[in-house]
Amino acid sequence: MRRTRLLATALATAAVLGAGLTALATGAEASAGCSVAYTVTNQWQGGFGADVAVTNLGDPVSSWTLQWTFADGQKVQQLWNGTVTTSGAAVSVASLGWNGSLATGARTSFGFTGSWSGANSVPTSFRLNGTTCTGSTSTPTATPTSTPTPTATPTPTATPTPTPTTTPAPAGALYVDPTSQAYAAWQAATGQDKTLLAKIAQTPQARWVGDWADTAVIAAGVHDYTAAAVAAGQTPMLVVYAIPGRDCGAYSAGGVATSEYAQWIDQVAAAIEGAPIIVLEPDALAQLGDCDGQGDRVGYLQYAARVLTQAGGRVYIDAGHSGWLSASTAAARLNQVGFEYAAGFALNTSNYQTTADTRAYGEQVSALVGGKGFVVDTSRNGNGSNGEWCNPRGRALGDRPVLVDDATHLDALLWVKAPGESDGTCNGGPAAGAWWQDVALELARNAHW
């Protein structure tokens, strides 16, 4: 099956600095305070990666600037989720338009890659909008690896914690996105077409997030979508789809470069509001090792699961479907990534295997991965599979999305693939992800509800 669309133990050093302070973060009248966590996520000869998390403990601010000074001649080379300026050892990072507003207690983060020589000590003092954040500093020594990486940023890996962390299961309704292609088609339709398209447009389905636009634009879209769901009191669903070597060069070929994936994930994660359900990288494990350009794919998935979970997401790692991998193979690959952060695994994304077959398969896999839960994509499986994966005709909308709380390991039936969006230029279809009204109407017309 293809899909339509859209890291080595980590070396960690953290400094957590917090205080209630006297000066305003953005104006003289407000009280200020901040907490900063500076973490070296990975380190190699001559280079390192770092994540910096900032929590506003004072009054709300509309923008922020964080400043510190390196002690050992480190240099910032590339930074995301902020704008950096440097002067010698002094570093200043300013917010972007979409992440500048911080309510009291709100947290944001940015990351960067840097260079070092001789030592890589953690900065001991930070200032947020001119106010010094004071507190304790933990500076364990990070040991570099012996092999330099001159052309690509090494893959970050998940930092182990004593207690596994996953986002609690959602409660309440799933979010219906009024900006989807299906919603626009429904609004424009008339007569029987409008009635049929309502079955798709008014049903909760996931928003796909990939490399088809500038990263800042993608992040802004994630923020707007998840914030709208939170405002509606509903749970959003995201599909993260930008793994290096995506789809092994087929219809949904692409993905970000191996040296950029961690940065891309960080920026998407920083934009998340609320606690979305996240299906992580469709096809990535099922195609593991099938083509060149995948880099440390297991490591990328580990990193993404951690960062997205820490941002509030409930992550399900995609594991293909019952007609692709055996249950034992799927479980072995899932166990390589691990479930320290991921809530479970996802099945049947963009495919057509029946719900009954997929549930049975999911229970087999679950038994081999410690009883983890799983979600099933039912968006187009109403008539099951005819053996084709790319725009097969005669298919039907499947079971409506629902959160599940029963004696099984099924967590939810979801519409992960957006019905009516093409699988690619096959069987007469338009480009992957484009709206195909004829097939949308066919899926709705054939639905058993």
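These figures come from a predicted structure and were not determined experimentally. (Residues numbered from 1 in each chain as written. Predicted model: local features only at pLDDT ≥ 70, side-chain atom pairs only at ≥ 80, totals over all residues. Heavy atoms only, no water.)

## Considering the state of the cysteines
- Taken as a whole and assessed by the stated rule, the structure comprises three disulfides.
- Each sulfur in the disulfide pair Cys34 and Cys133 lies 1.5 Å from the other. Every disulfide takes its handedness from the sign of the S-S torsion; for Cys34 and Cys133 that torsion is -115°, giving left-handed. Here Cys133 lies in strand β10 (residues 131–133) and Cys34 lies in strand β2 (residues 32–44), a separation of 99 residues in the sequence.
- The exposure class assigned to Cys34 is buried, which follows from its relative accessible area of 1%. (Disulfide = S-S within 2.5 Å. Helix = DSSP H or I, 4+ residues; strand = E, 2+ residues; numbered from the N terminus. Buried < 20%, exposed > 50% of the residue type's maximum accessible area, 1.4 Å probe, protein only.)

## Concerning the UniProt feature "binding site: substrate" (unreviewed entry) in the protein
- Within this structure's numbering, the places UniProt gives as "binding site: substrate" (unreviewed entry) are Trp208, His321, Trp324, Asn351, Trp389, Lys417 and Glu421.
- Tracing the backbone through its elements, the reader meets His321 in the loop between β14 (314–318) and α6 (327–337).
- One polar contact links the side chain of His321 to the main-chain amide nitrogen of Gly323, over a distance of 2.9 Å.
- With respect to the helices and strands, the residue Trp324 is situated in the loop between β14 and α6. (UniProt positions renumbered as here; feature names shortened; annotations may be inferred. Polar contact = N/O pair within 3.5 Å; in protein donor to acceptor, adjacent residues only side chain to side chain.)

## Here's the deal with the pattern of salt bridges
- Applying the stated criterion to the full structure yields seven salt bridges.
- Between Arg359 and Asp406 there is a salt bridge whose closest N-O contact spans 3.5 Å. Of this pair, Arg359 sits in helix α7 (residues 355–368) while Asp406 is found in the loop between β17 (402–403) and β18 (410–414), placing the two residues 47 residues apart along the sequence.
- Its relative accessible area of 27% is what places Arg359 among the partly exposed residues.
- Asp406 sits in the partly exposed class, given a relative accessible area of 39%.
- We note a salt bridge from Asp423 to Arg380, for which the minimum N-O separation is 3.1 Å. Here Arg380 lies in the loop between β16 (373–377) and β17 and Asp423 lies in the loop between β18 and α8 (437–446), a separation of 43 residues in the sequence.
- On the basis of relative accessible area, Asp423 is assigned to the buried category, the value being 2%. (Salt bridge = Lys/Arg side-chain N within 4 Å of Asp/Glu carboxyl O.)

## Things to note about the nonpolar core
- Tyr261, Trp264, Ile265, Leu280, Leu308 and Leu334 are the most contacted members of the largest nonpolar core, which has 68 residues in total.
- Top contributing element to this core by residue count: helix α5 (residues 297–310), with eight residues.
- Setting aside chain neighbours within four positions, we find Tyr261 in contact with Val240, Ala242, Ile243, Pro244, Val256, Leu280, Glu281, Tyr300 and Ala304.
- If you look at the next biggest cluster of nonpolar residues, it comprises 25 residues, including Val52, Leu79, Phe112 and Val122. (Core = buried A, V, L, I, M, F, W, Y, C linked by side-chain atoms within 4.5 Å. Contact = heavy atoms within 4.5 Å.)

## Points about the packing of aromatic side chains
- All chains considered together, the criterion is met by 17 aromatic pairs.
- Between Trp68 and Phe126, the ring centres sit 5.7 Å apart and the planes meet at 55°, which makes this aromatic pair tilted. With Trp68 in strand β4 (residues 65–69) and Phe126 in strand β9 (residues 126–128), this pair connects stretches of sequence that are 58 residues apart.
- Taking relative accessible area as the criterion, Trp68 reaches 3% and is therefore assigned buried.
- Ring pairs connect the aromatic residues Tyr38, Phe48, Trp64, Trp68, Phe70, Phe110, Phe112 and Phe126, which therefore count as one cluster.
- The aromatic ring of Trp449 is capped on one face by Lys199, whose charged end is 5.5 Å from the ring centroid. (Phe/Tyr/Trp six-rings, centres within 6.5 Å; stacked < 30°, edge-to-face > 60°. Lys NZ or Arg CZ within 6 Å of the ring centre and 35° of its normal.)

## A closer look at unusual backbone geometry
- The backbone of Ser350 shows a phi angle near 65°, a positive value even though the residue is not glycine.
- For Ser350, the position within the fold is in the loop between β15 (344–347) and α7.

## As for the packing of helix α3 (residues 215–231) against helix α4 (residues 261–270)
- At a closest axis distance of 8 Å, the pairing of α3 and α4 adopts a crossing angle of 30°. Here α3 is positioned roughly parallel relative to α4, judged by the angle of their axes. The hand of the α3/α4 crossing is right-handed. On the side of α3, the interface is formed by Thr215, Ala216, Ile218, Ala219 and Val222, while α4 contributes Trp264, Gln267 and Val268. (Axes fitted to C-alpha atoms, helices over the stretch in contact; angles between N-to-C directions. Parallel < 35°, antiparallel > 145°, perpendicular 65-115°, else oblique. Left-handed = near helix turned anticlockwise from the far one by under 90°.)

## Concerning the sheet that holds β14
- Strand order in the open sheet formed by eight strands is β11-β12-β13-β14-β15-β16-β18-β17, and the pairing between neighbours is mixed. Strand pairing shows two members of the sheet lacking a second neighbour, β11 (207–210) and β17, which therefore form its edges.
- Of the pairings in the sheet, the one linking β17 to β18 comprises two bridges and is antiparallel in character. From the neighbouring strand, Leu403 faces β18, where its bridge partner is Ala412.
- Contacts between α3 and the sheet are confined to β11 and β12 (237–241), with β11 contributing the most and set at about 160° to the helix.
- Sitting on the sheet, α7 is in contact with β15, β16 and β18, with an inclination near 150° to β15. (Pairing = 2+ DSSP bridges.)

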